[in-house]
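# Survey of secondary and tertiary structure
Each chain, written out:
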Amino acid sequence: MSSSATPGERYREGLALLPNWNEQGEEDDARYQRGLALITEAAEAGHLDAIKDLADGMAREASFEWSVKLAALGDVGPLLSNITSGDYPDEQSRAVFAAARSGVPWAQLAVGRLYRMGMRDRGGVLIATRDDAFGCLPGAADPQAEGFAWLKRAHAAGWTAATLWLADTLRHEEPVRALEYARATLAGSGPLMPSERVRACKVLAELLDESDAPLAERVTLYTRLAEEGDADAHVWLGDRCRLGEGGAVDLAAARAHGPGAPVPALPPADARVPGRAARTVDLHPLLAGPDDRHLPGSDRHL
């Protein structure tokens, strides 16, 4: 591949080189290594999908390190999976907790979510109540409360992903506070994955529905979600058109939001990586914050 290839081009060529799961010869192993090298180059240049794949296990022993890098970009999901899997040395998990104690917000979010996972051992005991839980956490008498406190620390540090988790956590018990957190999520400038920004939009729209907020604001949010192919948003908008809420009854517009409503085309499944899809559909610019419009070295621009 040309040295001028973009990170996205390197990533896609790397995926194309990966053998099928049942191809296990020496030539296939060599293809895998070439593909992995290209995907790693793309990740090192900041390509988000490449980083995710490496963090999800493709990098093998180095996957924990890549999941830390992904957490620093706003997605702690693979990091939590790697910590709870028990497949990596406890020292790596303890380093995450040490970072949280020193005030690193992505690590505080990870610790908060670990405490609130609700995982139990075979005897039914909450793992987070035991010392050295997951190889890194001090035991907590009330893991849910302890986790919430860590989420608040990350939010106070301006970590937008933590703000969204607070909104989701409080949406049923304290909807007014949850609404404040949901608004703050979309207004925040901290790192937030594109998919999480869409989720924040949906959480805010649903909370506004429950609070009987002005219709115009809700229409704006549901329209954005519908443009992303959200089926619930199409139903909601169709009902507004059918009932004439916010304007005259418009049955044609209602039908346009019904079955067969246009949605973004799904990216084709990648036949060489079982269970994965090559993500090629960009988000609507209105849903993207400054951090999502371009990742360093990435060709994924919104």
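Please refer to the structure higher up on the page.
None of the values given here were measured: they were computed from a predicted structure.

## Focus: the packing of helix α11 (residues 194–210) against helix α12 (residues 215–227)
Where α11 meets α12, the closest approach of the two axes is 9 Å, and the angle between their N-to-C directions is 145°. α11 and α12 meet at a crossing whose hand is left-handed. Together, V198, C201, K202, L204, A205, E206, L208 and D209 of α11 and E217, R218, L221, Y222 and L225 of α12 make up the contact between the two elements. Residues belonging to the contact of α11 with α12 are distributed by class as follows: 8 nonpolar, no polar and 5 charged.

## Overview of the side chain of Q108
Looking at the element boundaries, Q108 is found in helix α7 (residues 105–115). Among all residues touching Q108, those that are not within four sequence positions of it are A100, G103, W150, R153, A154 and A157.

## Concerning the packing of aromatic side chains
Aromatic ring pairs: the centre-centre distance and the angle between the two ring planes describe each pair. Counted under the stated rule, the structure contains 3 aromatic pairs. Taking the centre distance of 5.6 Å and the plane angle of 55° together, the rings of F64 and Y88 count as tilted. Of this pair, F64 sits in helix α4 (residues 63–72) while Y88 sits in the loop between α5 (77–85) and α6 (90–101), and the two are 24 residues apart along the sequence. Summarising the burial analysis for this pair, F64 and Y88 share the class buried. One residue, K69, lies across the ring of W66, its end atom 4.1 Å from the ring centre.

## Remarks on empty space enclosed by the protein
One water molecule sets the probe size; rolling that probe over the atoms shows where empty space is left. One pass over the structure, following the stated rule, counts 1 cavity of 30 Å³ or more. In this structure, the largest cavity encloses a volume near 30 Å³. Lining the largest cavity we find L114, Y115, M117, G118, M119, L126, I127, A128 and F134. A class-by-class count of the residues in the lining of the largest cavity yields 8 nonpolar, 1 polar and no charged.

## Observations concerning unusual backbone geometry
One non-glycine residue with positive phi stands out, namely R60, at about 55°. Residue position: R60 is located in the loop between α3 (48–58) and α4. You will see that D212, though not glycine, has its phi angle at about 55°, which is positive. Take D212: its relative accessible area is 65%, and that puts it in the exposed class.

## Quick word on the environment of R94
Its place among the elements puts R94 in helix α6. As for R94 and F134, which are separated by 40 residues in sequence, their C-alpha atoms are 9.2 Å apart. A polar contact is formed between the side chain of R94 and the backbone oxygen of G135, at a distance of 3.3 Å.

## Quick notes on the pattern of salt bridges
Going through the model one piece at a time under the given rule, you end up with 19 salt bridges. Between E245 and R240 there is a salt bridge whose closest N-O contact spans 2.6 Å. The exposure class of E245 is partly exposed, given its relative accessible area of 37%. Through salt bridges with shared partners, a single ionic network connects D168, R171, E196, R199 and E206.

## Topic: the nonpolar core
L79, I83, V96, L109, F134 and L137 are the most contacted members of the largest nonpolar core, which totals 55 residues. If we skip the residues at most four places from it in the chain, L137 touches F97, V111, L114, Y115, R130, D131 and D132. Listed in part, the 18 residues of the second largest apolar core include Y32, A43, I51 and A55.

How each quantity is defined
- Residues numbered from 1 in each chain as written.
- Predicted model: local features only at pLDDT ≥ 70, side-chain atom pairs only at ≥ 80, totals over all residues.
- Heavy atoms only, no water.
- Axes fitted to C-alpha atoms, helices over the stretch in contact; angles between N-to-C directions.
- Helix = DSSP H or I, 4+ residues; strand = E, 2+ residues; numbered from the N terminus.
- Left-handed = near helix turned anticlockwise from the far one by under 90°.
- Contact = heavy atoms within 4.5 Å.
- Nonpolar A, V, L, I, M, F, W, Y, C, P; charged D, E, K, R; others polar.
- Phe/Tyr/Trp six-rings, centres within 6.5 Å; stacked < 30°, edge-to-face > 60°.
- Buried < 20%, exposed > 50% of the residue type's maximum accessible area, 1.4 Å probe, protein only.
- Lys NZ or Arg CZ within 6 Å of the ring centre and 35° of its normal.
- 1 Å grid on protein atoms, 1.4 Å probe; cavity = no way out; pocket = protein on both sides within 12 Å on 5 of 7 lines; lining within 4 Å.
- Points joined across faces, edges and corners; volume = space filled by probe spheres on them.
- Polar contact = N/O pair within 3.5 Å; in protein donor to acceptor, adjacent residues only side chain to side chain.
- Salt bridge = Lys/Arg side-chain N within 4 Å of Asp/Glu carboxyl O.
- Core = buried A, V, L, I, M, F, W, Y, C linked by side-chain atoms within 4.5 Å.

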